[in-house]
Each structure stands twice: as structure tokens, then as C-alpha cells.
Amino acid sequence: MTVSYNQSVATSRPWTFLALIFRWRGSVWKAIWIQYSVWLGLYFLVSAIYRFILQDYQRLIFVKLVDYTSARLSYVPLDWILGFFIAGVLRRFWYLYDIIGFIDNIACSTATYIRGDSERAKQYRRNIIRYCELTQVLIFRDLSMKARKRFPTLDTVAAAGFMMPHEKANFDQIQYNYNKYFLPFNWAWALVYNARKEGLIEGDYYVTVISEDIKKFRTGLAWVCNYDWVPLPIIYPTIVCLAVHMYFFVCIMARQYVTGAENDPNMIDLVFPFMTSIQFVFYMGWLKVGEGLLNPWGEDDDDFETNMLIDRNLAMGLKIVDEGYDKTPRLEKDAFWD
Amino acid sequence: MTVSYNQSVATSRPWTFLALIFRWRGSVWKAIWIQYSVWLGLYFLVSAIYRFILQDYQRLIFVKLVDYTSARLSYVPLDWILGFFIAGVLRRFWYLYDIIGFIDNIACSTATYIRGDSERAKQYRRNIIRYCELTQVLIFRDLSMKARKRFPTLDTVAAAGFMMPHEKANFDQIQYNYNKYFLPFNWAWALVYNARKEGLIEGDYYVTVISEDIKKFRTGLAWVCNYDWVPLPIIYPTIVCLAVHMYFFVCIMARQYVTGAENDPNMIDLVFPFMTSIQFVFYMGWLKVGEGLLNPWGEDDDDFETNMLIDRNLAMGLKIVDEGYDKTPRLEKDAFWD
Amino acid sequence: MTVSYNQSVATSRPWTFLALIFRWRGSVWKAIWIQYSVWLGLYFLVSAIYRFILQDYQRLIFVKLVDYTSARLSYVPLDWILGFFIAGVLRRFWYLYDIIGFIDNIACSTATYIRGDSERAKQYRRNIIRYCELTQVLIFRDLSMKARKRFPTLDTVAAAGFMMPHEKANFDQIQYNYNKYFLPFNWAWALVYNARKEGLIEGDYYVTVISEDIKKFRTGLAWVCNYDWVPLPIIYPTIVCLAVHMYFFVCIMARQYVTGAENDPNMIDLVFPFMTSIQFVFYMGWLKVGEGLLNPWGEDDDDFETNMLIDRNLAMGLKIVDEGYDKTPRLEKDAFWD
Amino acid sequence: MTVSYNQSVATSRPWTFLALIFRWRGSVWKAIWIQYSVWLGLYFLVSAIYRFILQDYQRLIFVKLVDYTSARLSYVPLDWILGFFIAGVLRRFWYLYDIIGFIDNIACSTATYIRGDSERAKQYRRNIIRYCELTQVLIFRDLSMKARKRFPTLDTVAAAGFMMPHEKANFDQIQYNYNKYFLPFNWAWALVYNARKEGLIEGDYYVTVISEDIKKFRTGLAWVCNYDWVPLPIIYPTIVCLAVHMYFFVCIMARQYVTGAENDPNMIDLVFPFMTSIQFVFYMGWLKVGEGLLNPWGEDDDDFETNMLIDRNLAMGLKIVDEGYDKTPRLEKDAFWD
Amino acid sequence: MTVSYNQSVATSRPWTFLALIFRWRGSVWKAIWIQYSVWLGLYFLVSAIYRFILQDYQRLIFVKLVDYTSARLSYVPLDWILGFFIAGVLRRFWYLYDIIGFIDNIACSTATYIRGDSERAKQYRRNIIRYCELTQVLIFRDLSMKARKRFPTLDTVAAAGFMMPHEKANFDQIQYNYNKYFLPFNWAWALVYNARKEGLIEGDYYVTVISEDIKKFRTGLAWVCNYDWVPLPIIYPTIVCLAVHMYFFVCIMARQYVTGAENDPNMIDLVFPFMTSIQFVFYMGWLKVGEGLLNPWGEDDDDFETNMLIDRNLAMGLKIVDEGYDKTPRLEKDAFWD
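Bear in mind the structure is a predicted one, so any value in this text is a computation, not a measurement.

## Let's talk about the relation of the copies chain B and chain C
The second copy of the chain is related to the first by a rotation about an axis and a shift along the axis. Mapping chain B onto chain C calls for a screw motion: a turn of 72 degrees about the axis and a shift of 0.0 Å along it, with 0.0 Å RMSD after fitting. Between the two chains, the operation in question is that of a five-fold axis. Residues of chain B ranked by C-alpha distance from the rotation axis are headed by Tyr205(B), positioned 6.1 Å from it. When the interface residues of chain B are mapped onto chain C, a mere 5% of them are again interface residues, pointing to distinct binding faces.

## Describing the state of the cysteines
Scanning all chains against the criterion turns up zero disulfides over all chains. Summary of cysteine pairing: Cys132(D) is not part of a disulfide, and the nearest cysteine sulfur, belonging to Cys108(E), is at 11 Å. Summary of cysteine pairing: Cys225(D) is not part of a disulfide, and the nearest cysteine sulfur, belonging to Cys108(E), is at 13 Å.

## A word on a positive patch on the surface
Positive charge collects at one region of the surface, where Arg91(A), Arg91(B), Arg91(C), Arg91(D) and Arg91(E) lie side by side. Along the chain, Arg91(D) falls in helix H5 (residues 78-98).

## A look at the interface of chain A and chain E
In this complex, chain A contributes 95 residues to the contact, which on the side of chain E involves 95 residues. Between chain A and chain E the total buried area reaches about 9,100 Å² when both faces are included, carbon and sulfur atoms providing 66% of it. Counting the contacts that link chain A with chain E gives five salt bridges. Put simply, Lys197(E) and Glu202(A) hold a salt bridge, and the shortest N to O gap is 2.4 Å. For the side of chain A that touches chain E, the secondary structure elements donating two or more residues are helix H1 (6-9), helix H2 (16-20), helix H3 (28-53), helix H5 (78-98), helix H6 (104-113), helix H12 (204-229), helix H14 (274-294) and helix H15 (306-323) of chain A.

## Let's talk about the relation of the copies chain A and chain E
When chain A is fitted to chain E, the residual RMSD is 0.0 Å, and the transformation amounts to a turn of 72 degrees plus an axial shift of 0.0 Å. In this assembly, only 5% of the residues forming the interface of chain A have copies in chain E that are likewise at the interface, indicating a heterologous arrangement.

## Topic: the packing of helix H12 (residues 204-229) of chain D against helix H5 (residues 78-98) of chain E
Axis angle and axis distance: for two packed helices, these are the angle between their axes and the distance between the axes, and together they describe the pair. Between H12(D) and H5(E), whose axes approach to 12 Å, the crossing angle comes to 125 degrees. In terms of their interaxial angle, H12(D) and H5(E) are classed as oblique. In the crossing of H12(D) with H5(E), the sense of the turn from one axis to the other is right-handed. Residues Trp223(D), Asn226(D), Tyr227(D) and Trp229(D) of H12(D) lie in contact with H5(E), whose contacting residues are Trp94(E), Tyr97(E) and Asp98(E). Classifying every residue of the contact of H12(D) with H5(E) gives five nonpolar, one polar and one charged.

## Concerning unusual backbone geometry
Located in the positive-phi region is Val271(D), a residue other than glycine, with phi close to 65 degrees. Inspection of the secondary structure puts Val271(D) in the loop between helix H13 (235-254) and helix H14 (274-294).

## What to know about a nonpolar patch on the surface
Among the surface-exposed residues, Trp24(A), Trp33(A), Ile34(A), Val38(A), Leu42(A), Leu45(A), Ile49(A), Phe52(A) and Ile53(A) lie close enough to one another that they form a single nonpolar patch of about 930 Å² accessible area. By the secondary structure assignment, Ile53(A) is in helix H3.

## Structural notes on the interface of chain B and chain C
With 94 residues of chain B at the interface, the matching set in chain C holds 95 residues. Between chain B and chain C, a total of about 9,000 Å² is buried, with carbon and sulfur atoms accounting for 66% of that surface. At the junction of chain B and chain C, the tally comes to five salt bridges. Connecting chain B to chain C are 17 residue pairs in polar contact (both at pLDDT 80 or more). The element contributing the most residues to the side of chain B that touches chain C is helix H12 (residues 204-229) of chain B, with 14 residues. Looking at the side of chain B that touches chain C, its residues break down into 50 nonpolar, 19 polar and 25 charged.

## Examining helix H10 (residues 165-173) of chain B
Buried within H10(B) we find His166(B), Glu167(B), Lys168(B), Asn170(B) and Phe171(B). Against the buried residues of H10(B) lie helix H7 (119-143), helix H9 (154-159) and helix H11 (182-197) of chain B.

## Here's the deal with the side chain of Arg125(B)
All names here are of chain B. Positionally, Arg125 belongs in helix H7. Among buried Asp, Glu, Lys and Arg side chains, Arg125 stands out as unpaired, with Asp117 the closest opposite charge at 5.2 Å. Polar contacts involving the side chain of Arg125 include one to the main-chain carbonyl oxygen of Ile114, which spans 2.8 Å. Setting aside anything within four residues of it in sequence, one finds Arg125 in contact with Thr110, Ala111, Ile114, Arg115, Gly116, Val321 and Tyr325.

## Points about the packing of aromatic side chains
Evaluated as defined, the whole model comprises 190 aromatic pairs over all chains. Aromatic pair Tyr97(B) and Phe102(B): ring centres 6.1 Å apart, planes at 85 degrees, arrangement edge-to-face. For the pair formed by Tyr97(B) and Phe102(B), the shared burial category is buried. For the pair Tyr227(C) and Tyr97(D), a centre-to-centre distance of 5.8 Å together with 85 degrees between the ring planes defines the contact as edge-to-face. Remark: Tyr97(D) occurs in helix H5 and Tyr227(C) occurs in helix H12 (residues 204-229); the pair is interchain, linking two chains. With respect to burial, Tyr227(C) and Tyr97(D) carry one shared label: buried. Through a chain of ring-to-ring contacts, three or more aromatic side chains come together here, namely Phe93(A), Trp94(A), Tyr97(A), Phe102(A), Phe140(A), Trp297(A), Phe304(A), Tyr95(E), Trp223(E), Tyr227(E) and Trp229(E).

## Here's the deal with the arrangement of the chains
No part of chain A reaches chain D; the closest C-alpha pair between them is 12 Å apart. Where chain B comes nearest to chain E, the C-alpha atoms are still 12 Å apart, and the two do not contact one another.

## Some details on the pattern of salt bridges
Residue and element names in this part refer to chain B. With the rule as written, the count across this model stands at 96 salt bridges over all chains. For the salt bridge of Lys215 with Glu212, the shortest nitrogen-to-oxygen distance reads 3.4 Å. A residue pair is termed a helical-turn pair when its members lie 3 or 4 positions apart in one helix, as Lys215 and Glu212 do in helix H12 at three residues. Accessibility expressed as a relative area gives 9% for Lys215, which makes it buried.

## A short note on the environment of Val321(C)
Residues and elements named next belong to chain C. Mapping Val321 onto the fold places it in helix H15 (residues 306-323). The class for Val321 is buried, based on a relative accessible area of 0%. Considered as a pair, Val321 and Ile128 are 193 residues apart in the sequence and their alpha carbons are 9.8 Å apart.

## Comments concerning the environment of Met164(C)
Assignment of secondary structure puts Met164(C) in the loop between helix H9 (154-159) and helix H10 (165-173). Look at Met164(C) and you get buried, because its relative accessible area is 10%. Look past the residues within four positions of Met164(C) in its chain and what remains in contact with it is Arg130(C), Glu332(D), Lys333(D), Asp334(D) and Ala335(D).

## Considering helix H11 (residues 182-197) of chain E
Residue and element names in this part refer to chain E. Given a rise of 1.5 Å per residue, 16 residues ought to cover 22 Å, and the 23 Å separating the end C-alpha atoms of H11 matches this to within 8%. With 13 of 16 residues buried, H11 is to be regarded as a mostly interior element. Gly199 sits one or two positions beyond H11 and adopts a positive phi of about 85 degrees.

## Quick notes on the confidence of the model for chain A
Residue and element names in this part refer to chain A. Averaged over every residue, the pLDDT of chain A is 87; residues scoring 70 or more account for 93%. When pLDDT is averaged over each element of chain A, H6 comes out on top at 94 and H1 at the bottom at 68. Our summary of model confidence lists the complex with pTM equal to 0.93 and ipTM equal to 0.93.

Analysis parameters
- Residues numbered from 1 in each chain as written.
- Chains lettered and ligands numbered in written order.
- Predicted model: local features only at pLDDT ≥ 70, side-chain atom pairs only at ≥ 80, totals over all residues.
- Heavy atoms only, no water.
- Least-squares fit on C-alpha atoms with pLDDT ≥ 70 in both.
- Contact = heavy atoms within 4.5 Å.
- Disulfide = S-S within 2.5 Å.
- Patch = residues over 30% accessible without salt bridge, like charges linked within 9 Å, V, L, I, M, F, W, Y side chains within 5 Å.
- Areas by Shrake-Rupley, 256 points an atom, 1.4 Å probe, with all protein chains shown as cover.
- Salt bridge = Lys/Arg side-chain N within 4 Å of Asp/Glu carboxyl O.
- Lys, Arg positive; Asp, Glu negative; His and termini not counted.
- Charge placed at Lys NZ, Arg CZ, Asp CG, Glu CD.
- Helix = DSSP H or I, 4+ residues; strand = E, 2+ residues; numbered from the N terminus.
- Buried area = accessible area lost by both parts, 1.4 Å probe.
- Axes fitted to C-alpha atoms, helices over the stretch in contact; angles between N-to-C directions.
- Parallel < 35°, antiparallel > 145°, perpendicular 65-115°, else oblique.
- Left-handed = near helix turned anticlockwise from the far one by under 90°.
- Nonpolar A, V, L, I, M, F, W, Y, C, P; charged D, E, K, R; others polar.
- Polar contact = N/O pair within 3.5 Å; in protein donor to acceptor, adjacent residues only side chain to side chain.
- Buried < 20%, exposed > 50% of the residue type's maximum accessible area, 1.4 Å probe, protein only.
- Phe/Tyr/Trp six-rings, centres within 6.5 Å; stacked < 30°, edge-to-face > 60°.
- Expected span 1.5 Å × (residues − 1).
- pLDDT = per-residue confidence, 0-100.

Printed below as a string of C-alpha cells:
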């Protein structure tokens, strides 16, 4: 959620995207440097063994091994499996983002339909927002490492102001062996209903408009949890990951420079595996795209900024219901009036 | 539905996904070990025949057969057909999960709009939930092996409390040669309508809000059945499966080590088919992803946990309508009030 | 719609999908056996000509022809075009199935909102269902071979009870050079409106709920017709089909065993083209998947069971409005009441 | 919209799709015959130059050129770019068709909710339909060649009866430098509103139901225009088209029969480029699928039949509001009554 | 948004798309000419070094380098990664365009449901439009370079008439460290609500219809911002871009003409790299499609014309609410009346 680069690529110039390469945060370099180092170390180790340790007759076997593996590398179908895997994961990533929960619509409906300048009306408006946001905090605590670190216990949630002491008492009172995410939403709906009873909402239909906005927010968050419960079958990411790692593991042998190899008799000894390194960057980087998208609730550079979203939602929601209510400028003829 | 690994892959580190490889439950190893064992056995059998039994002139023919098959392996287009097949099946899997039926929205609407602390009001709320859940049980019994084992007969459903005796009598009374899934939903709608008549619901529009939530739940479950009625045309999974198995069946011959083979004269005799084994794991594992996703109603590790969903829905639904009704904390100024 | 195999593949075991191969109905074998026989006949004919009829100098030319064709087979891009074609066709198939029309929601709304135990109320409810189903019959007659055979004329539709004589008179009275599918729907809407006028529906909003359900059913059926009017551009299936057939036509020559061929000097003479047969099954079977999905209104094993759907809709719809109205079990405390 | 072939492919038989090949209208043959003739002409021209004009030393260079180009043909990635391009374009084509505007739902709502047998009520119903259809005519005139030819000026639209003289006066009166598509829709909405005022519509909510149907029709047509304003970035179709044409342009040289070519020493001289012709048909035909789908507003065989749709919409719409209003058959017991 | 070519490709003729090649604006030539020039310069530089500077023994190494790189070019998987990348980006592009905000529906609802010819009613209608459009201006200023250049400060927005001075005062008064996009929408909703209070809107339900249209517009714009906040993970475009550039960088060496190269002994020296240039145009052009689509808020030829959209929305919106209100032609019998 954080590594933003839209500004720098808005207008496409020859160097636009190339410039992205020299960043570190969220970059492919940061994502793969450990793996690349390990791989390169192993490559040079094997290379050194061949060059300095092996006897001639051993070298012959080594050369045959290189031939054998290098001719069979194509058995591992990296392109296909990565392409389809990432297309599938990308779709899921955008879907999760779509339902992650932005509170604005609830706030706007509340500000429009719950009337009154009294303190009580204001409390109604603010509490509806706060209760919705409270559930988002509770759910993010269970999903996101970042949110969990910020709110290790329910007390910290209360201390941060998302929950009042008497609300927490109410919340703790319910004993139940499933999650209690639903409770604050029920409070919010009840507030909406009561506001109608007290005449702060002036029509039955308006009640359902606000309720529908809350329901949409709730349903989105519920599906965020549901998708956490049923992930992509574990085999799929496993074999994709295995394929890429196995491919480069075999490359350690298959891409060695040897004299007398069948496949490439005229080969030049560059010592450093330039082309295989390029290949490593691409495939491993592509895999990292998939890994990053598969579970965006962690602490990667590109994972959802759950804490930032929580703060934004609360601040924005309260601001909208406070400032957005009934402060319309007076009606005047506009500049284009004829 | 069960093999959850999101926690372990939340933050992408070099070893994150590799660690998944060492699990057993839901893993590729568990999925393919039988097939791999059979395949390896056949491979070594053929290998032994070549090495120890065949005469020289027979070996010449054997070598030609190896050449023949190995040159024609590429006729079988595994990558393409697996990639597109699994993309199509994956889309269907997520769709089925989307409509599998979570009862929360019905419960929330019921708790908000059916008013009253009387026992009768509470019965209304609880029964609406129970009737909806009852249909889910009835449908899951017909689709899911797990649910069928738990509820072999209608009596077991009644005994588990999803159905009261007088309700079962009512249910059994209807003679009909199609399914009777619709009945409990009709009960639920009638309850909603009656609640309005008795004044427990205070507006006509609220009736339709609850009814729409029930309808959405019903429609989802109906489509779960419809998709069971019209599966993917049987040819598609058949030829995908056939392609993968036929490919590796041919590999038993084509990947044998022989001396004097045309395609790979300098080949080294490793006895064990390392690279083909890697290939076997990938393709067969990929196929298993597809097979697992194609029908998620069985007893595979990654199939839907229908029984768990039934229990959760009933418990959660009843809790919401009991605890979620009118227990809102009193209104107070929140911590951010200025 | 008919070849159901979900039960047998619910739980993925090694032999699960392989078992599907031994079926006949809806199978790849049934789909391709004619084409395969013709192809094999031609193959052996050409083979026999080469072996028994051609003179030596003719054989030289034959060998060159085999070389020529076999080296150019890759010009025909089967994988790509089949993969994308079937993905596109599959999406359209599911979409058609989504809108094909299940009457349940109309029946449930009708049963809930049209009140009264009188014969007239019952007639209202039953006729709304029947009129909706009547249109489905009329549309299926024009699209589906199966439905057309069952209902060759409008009289057969009336005779089957979908239409009463006085309704048919009303229907025939309208002269018009486009289709008259809309008429029964207009009857249904008018019935809903009249039921409100007579007080059988107790709120304006309820009228629109039923009307929307009917509209959704109507819109789905209208789009079934629209998609029949504008199919996939004919070039697309044509060239896909042509590509597959042309490929195997060329194979008749290219895959012959000849001595002295450039590409495969050491080839062994198996007489029977094993590997090409496997390839034939896969590609032709894959093509058959596409052909079957492209127009699911015919009489293939996997085409929509339109007649079964019509019967089900009528029976289910009438049952729901009869049995689903106001037969709710009396309210009691449930088993989980505490 | 016109080349219908569903009837002939409803049931999949071996010869089903092959039969499509022998059509001319909308066929691949019609689409590519000019390009193929030009290409073949150039091919034979170059062939003749090589065979009859070039000197020996020139032939050597020619052969090297053939080798050079034929070894590099694979640089041009036809499969990939065509596959993804056509998948993207196909999605857009179906989307455009979805929103192209069928007037039936507006007509059905109007017939149901605008009551009264008076001439005035009938005028209301008919004019609402006509105004909606008028906008479709105005928009199709700007998009579709076919519609533009039929209605070259606004006067022809009026003359065809879509617009009355006093309406045209009203329309022309507004001076404005953007399009005026919105105007007839505003007339339609105003009619709906007035009908309510005059009591022809009996409930506020019914007003919004008709209005929503008109709005959906309008929004669809607006997006048809929006997608005309922002097409696929021009580079995409350009490079796809360029790739295919460049490929076959290079083939003119690369696929020549020459003696002494590196890549194919034993080649036979067939004079006519059979296999390349097959390839030409497939790739160029595939490209034509994409070109046809990219802009379906022209006069190709497979483009939208805008004029037919306009006529159908007007006739169907007027028929529905005339015949669909209040001509319901009298209620009777149906044939399945028990 | 600007390079329109639909007219020229409406009807598919052989030369239709080829003609697009000779355009400059938005063309592939304009997109890649700088990069191609640089690449060609480097290619000739290396070529010249080989031909004129290197000694014989150095040339041998050079030849081996050419062999080495040219045999390993296939390590970089351009086709796959570009195909899937652009398919994913294209989907996102259309989605952004779908939600970019066309004001027509708001204007139509406002013109229909806010009644009255008084100046005050007209002010209501015009101000609702203007406030919605104001937010679009504020958001586009933050996203789009073009809009930012046109409206560098809030004062320029006010000066352009989108904001009245007393509204700007109201706007500036709110101190807040998140964006204030919500404010004008709240004004608009409050206007709608007040219009009801003053009796200009004649039904509660009509209020919600207008409000929903505004909410849809607001939600679309909010998601435009949200997608700016969370772009595609930076790794994905980076590695795609890197892959293409690295490929052609390696080509500078790998595609050199050298004598004695392993892979292509008979190669002819064309000096100019024809085929590689073709390849450059395709791949780099394909990449440019992706870059252009990835962020359409810049100043590329194919980026969204934000300023044009702002002007259109304001002009069209005001025109609709002024001219679209209650200027319906009088009811008459239409031309098809029988």
C-alpha cells in the first residue's frame, strides 16, 4: 500500500520505468538479494570444486552431469505456471482491496440523514462511525501483523479511544466461542434505528439507506475474513515456489562452464554467470510479485497499510459527520448563470 | 477450507514459501505420493528389463523405442491445457465459495428490524435464522460427503436441533418428486411477514430488507445446486487428466537411460530419473490443484468444511439475534470529542 | 446438463479422474470416434500406398514430402488458438447458464406477498408462475432442438397445459412480425398489479418486489435470445476448427514411417501411429469441448436439458406457491434456547 | 450481428463445424482473400526472379537471404500477441453488446405502471418509448456507418417518424456545443413525472421504477459513446497488425524454395507454398477476428445491425405498451389444479 | 483519451489497420523512436569496434561472446511476462475509466425530481451539479498532470468559476490533515435534503434517488484515489521493463554479424539489423502499451483528457438541469398511431 510510484510514471518517457529500477524500497533487488547471494555462493562453490579440486576423470563425469541437467532444464515449466499463478493471485489481491473497507459512504449518509445540531445528534453520528471503525480494528488485529503489533490487546484498542470503557464492559460480557466482530455493527444499527425513533431521522427509508451502507462495509470485512479462512489451495503456491527454486537449484550445476560439454562446445568462460543472473532476477522477481500479492496482510513494503487505513477512516469519518452536516454555503447565482 | 497457511506467509521472506514444502496436510506430497510410487515402480521395472533381461538385438529395438517416444513427447501439450484448465476451474471455485452461504447479514437485519424483548419476538428472530440454516443443512447433505456422513437421515438433522419434531412433521407431509429445499425458506419469509402483522416490524420497507437478505442467501444456495447439476463438460477434465497421465506413461519408456540413443548420445547413467521426478511433481501437483478445485464438496484436505460452516452459521446467527438486539451501550461523548 | 460426475470426483484420489475415462456418455471417445476412424483409415491408406504401390523413385519423393510437411507442422498454432478460444467460449457458456431462468425467486416472492387462502388468490399465484414459465417454453422452442421436438406447434404447448385455450386465443389475436415473448410477462405483471388493487398484496412496495423478480427472469431470457442473435463472429470457430482438422490432415502425410527421412533417421517402424493417436485424442477432444460449449442448445450429451428445466420450473413453481404460502409451523422455543 | 450459425452447430457432429468452412458471408475466406492474393502474387514474383532472372552468384546471395530471414522469423511473436489481444478485444465486444440498448424493460415497466385506457394515457406510454428510441437513433447516427447512411440528417430522422415536427423545433432550439443526446431522455422522464401528477401512475415508487429503467438504458448508451471516445490505445492494434503483416512480408523471402539452403537441405520444390498458405489463413483470419471485434460499428458482416435494432426496438416497444397493457386473460383454474 | 481512430477502422478492409501505421500521434513510432535511436547507435558502435578496431585474437573472443549471448537470449521470457502484464494492466485501465466520473446521471435525476421554475429551484439544481464537479476538479488536480497545470492553486479553481468566493471561505475554514474532497459532496447532499424540506422535491424516495446518484459518482472518484494510493506492486512493472530493456541490451552483442559464429555459420552480412529492428518495434511497442495504460493520468497522447472531461461535465451538467427541466413537447399522437 505504500510504495507509490504513480507520480513518476504518469507520463511515459523512455527513461520513466528504467528509473524505477534504482529504487530500493519495494524493489526487486530488496526482494531477492538474499536468495541471489545464496545462489551465487553455491554456484561459485561448485565452480571452484570443478576447477580446483576435481581430477580429470571426475571432470568427465561432471561434464556429463552438466550436459544431463542442462538438457533437462526445460522440464520445469516456469513461464506457464508463473503466468497463470500471478494472474489468479492478482485478481484476488484487487478483490481484497475492493472490500477492505473505506468508511466514507457511511459517514456521508450519516451526515446527510441524521439531523440536528444537538449534542445528542452529534453523539449519534460520531458513535455510528466509531463503532464501524472499531470492528475494522478488531478484524485487522486478527489478520494483519502491523495492526496486531499496534494493538496487542483489547485494552490497547480501548486506550486508543476506539472503545469507551463502558463499551468494553459490554463487549467483554458476551461469552462466545466464535469471534464477536458482529457486536459493534449491531450497536451501530441499533443507533440508527433509535435515531429514527427519536425523530433525528425523518423517514423510514432513510434508515435503510444508512443501514445498507453499514451492511456493505460489514459484508466487505466479513469476506476479508472468509478469504483468510479459505485461501488458495496450499498446493498451488507450493508447487510454483518449488518449481522456481528447483529450477535455479538445478541451474547451479547446469549452467557451469565446463570444457567439452555437448550442448555448447565453443562456450566462452566468463566465470560470472551473467545471463543466468538476469534470468534469476526475472523469475525470482516474478515469483516475489506473486508471494507479495498472495497475502497482503504482512509487513512487506507492498502490503496493505492497515494502521494508516484505520487512522484515516476514523479521522475522515468523524470529520465528515461533524463538518459535513449542514454547513452548506448559502445559495447564490453561480458564475455561469446567464 | 482447512489448510490455512496465511499466517506463515504474511510477510514474504526468502524462506517463507519454501517452508510450506515441509508440510504434509494438504501438500503436494500427500496428493501425489501414491501415483509417484506406482510410476517409479514401473520405471524401474522397465529399466531392469532393459538392463538384465533383454538380449542385444532386443536392446537395439528398445533404444529405438526410447528414441521414438522421447522425440514425440512434445505432442502432448501439458502446459497449455493445464494452465487454461486451472484458470477456468479456479474462477468457478471462488464463485462457489462466494455463494456458499454466510448467514450473518440475515441475522443482522433480523436483529435490527424485528423489535421487542418478548419471548415471542425472540422466537421470531431465532426461528428465522434456524429455518435458513436448516436449508443449508439439507442442501449440504446432498452435495457434501462430510455433511452426508454427519447427517445420514433427516432424523439426524432433527435430532441435532436444526428441526423441531412438529416442523419435521410439516416437512414430511409434502409429497413431491423434486427437492423440498424451498420449504424452510418459505417458513422464514412467512415469519417475517407475520412479524410485521403483529407489529414487531415497524415498517413495510423493513420487511423487504430482511426478505432480500434471505432471498440472497437462498439464491446462492440454489446456484450451488445448479452448478452441481451442470458441471464443466466431462470431456474437459477427462482429457486434461488423460494428457498428464499419458505423458508420464510414455515417459516410463522415453526417459530410460539407454546406450546409443539418438537424441542424447553422451548421456550419463544416473539410474534414478531425477529430472523427470521433478517434472512429475510439478505437473501432477498442478493437476491435483485442478482436481481439488473442480469439486470442493468431498473430503480432501482443501475441500469446503461444510460441517464447520453449518455449526458456525447456527451459533453465530443465534448469537447475533440474541445479543445483537438492543444492547447498545449508552451514548456518551467519545474520546476524540473536542 | 446431464452428464453428472461430481459425486465420483468429490474426493480426489489417484484413480478418481482416470475412472472417468471409461465412461461412454459425454466422453471424449464418443465425441471423436468417427473422426478418429476416418483419420486412421486415411493414414493406413497412405501408408499402404507407400509400402506396396510406390516405386523406388516415387518413394524418394514421398520421403521428401514427409520431411517437408513434418518440418512445417509447427506453422499451425493449435495450442494458442485452442486455449484462448475455449477460455472465451467457457465464459460465455457459464453466462448463458446464469441467465437461463430458474423460477424459484418469483415463486418465493409470490408466495410471500400475495396473501389470501381464497381460490382467487391461489389462481393469482399459480397463474403468475404459469405465465412466466410459458415464455420460457416459447423461447426454448425457438432455441433448443430438444424443446422444439417436444413442442413442435403452439397447440402442443397449450395441450401440455402451459397455456389455457382462452389464453391462446388472446395470444393468437395479436398480429405482429416480431416475436411475442413479451406477452405472457405482461399478463404476469398485470396480475401482480391487479392483485394489489384487489387488496391481496398489502403494500405498494411489495408489488415492485415481485415485479423485479419477474423482470430479472424476463431479462435473462431476453439475453439468451440476444446472444443467439449475435454469436461469436463466425470466423473465430471456423479457423479454430480448420486449424485442428488441417493439422491432422497434414499429419496423415507428415507422420508416416519412411526410410531415409531427414528429421528422424533412426525411427522405428511401429506401423500404428501411437503418439499421433494420443495427440489426436487430446486436440480433437479439446476442440470438442469448445464446440459443445459454443452452442449448448442442441442435443449433445452436455447440452442444456431444456425440457427437464421446463418441467422442473413449472412443478417447483406451482408447488412453492401452493405449499409455501402460510403453512409455517407454530412458533416454539427451539432446542438451543437457554 | 447478422451471420447467424447457431442452428447449424447446435448439435455437435463430426462435420458440424467443418460445414461452416464452405460459407462465404462472414467467412475467413471473404475476410482475407484480397490480402492472400496480393501476398501470393508477391511470393510468385520473387520466386520467378530467383528461378529465371538471377545469375548464379546472385542466387548464392539470395539463398543466404532466405537462410537469414527464415532463421529469424521466430523473432516476431505472433501467437502471444494475437492471443492476448483478441481475448482483450472480445471482452470489450461483449460488454458493448450488453449495453447497446434493448428497450424491452422500459416498455414493460411503462405498460405495467402507467394506467388508463384513455388516449392521453396511451400517448404517454407511446411517447416515452419513442423518446428513448429517438436517442438511440441519434447516437447510432454518430457511431455506426449503417445508421448514418440511413439517417444522413436530422430531417430524415424526423421524416422516419422518430421525431414529430414540434419536437424537432424544440430540439433545434437549444444551442449548445456538446451533443444533445440527453434531451429526449429528459422529455421521457418529465413524461413519467407528469403521468404521476395526472394520476396515471398510482404510487411514487412506481415513478422511480420506470425512471430507473430509462436511466439504465441511457447509461448504457452513454457508455457506448464513452468507449468510442476512449478506444484501446492505438499502439496496441497497430503493433498487432504490424506484427502479422510484417511476419508474412518476411515470409515472402523466407519461405522460398532454394537449393543449398542451410536450414532445410533436402527440401522438395512444391512451387506452391502450401504450408505457408495454411499458416496465412490462420494468422490473418485470427487477426481479422480481432479487427472485426475492435470496432463493431462499421459495415462488416459481423458488425452490429444498428438499423435492425432501431426498427425492432421501436416496433417492439410500441407493441408492448399497446398490447401489453391490461389485456390479461381472465383468471381460471389451470390444467394442473388439483 | 484523445487519439481516436474508431472512424477509420469501423469497417474492416485489408488496408484498414495498416493505414494506422502511418500516423504519428499516439503511434508506436512516437513512443519508441528515442529508445530505438539509442539502441541502434549502440549497435553500430559495437559493430564498428568489431570491424575496425579489434585485432584478430580479440575478434575470436568477440565471436565467442556473440555465441554465448545469442544462445542464452531465450533465458529472458519476454512473451509470457508481457502478455500477462498487459492483460492485467488493461483490466485496471478500463476499470479506472468506468469510475472516472460522468456527471450525466446526477444531472438527469436532479432535472427530473427537483421541481420549480423559480430562481431558487434553479440555483438548487445548478449548485448540486457544480459542487459535484468541484470535487472532480479537486481530485484531478492531485492525480493528473494536465489538471494540475491548469489549476495550480485553489484560487485558480475559484477563478474558473467552479467555486464561489463564499464557498472557498467555507472550504478553507476547515483545518484538517487529510484531504477535504468530501466537503463539496456534503454540500450537494445537504442541498438535496433542503430542497425536500422546501418542498421542491415532492417525495422522500426521490431524495434518495438523487443522493444515490451523487454517492455513485463520489464512490467512483474515491476509488480513483484509492487506486492511486495502492498501485500495482512496483516489482511487477519494474521486472517487465527490465526484462525488455535487458533483452535488447544483450541483443546489441548477440545480434552482431561475425564470421565464424557457431550458431549461424552461413550468415549474410546485412550491416543493418533488419529483423532485430522489427523485433524491437514489437516488444518495445508492446511494453509502451503497458506503460501507457499503467498510469493514465499523465500527459501521454493516450492518457485521460481530464481537462476536457471537467469542462464537458460542467457544461453538460448545467445544460441538462437548465434545459432538461420541464420543457417537454406537448403530447400528440405519433406517426405510427393506428
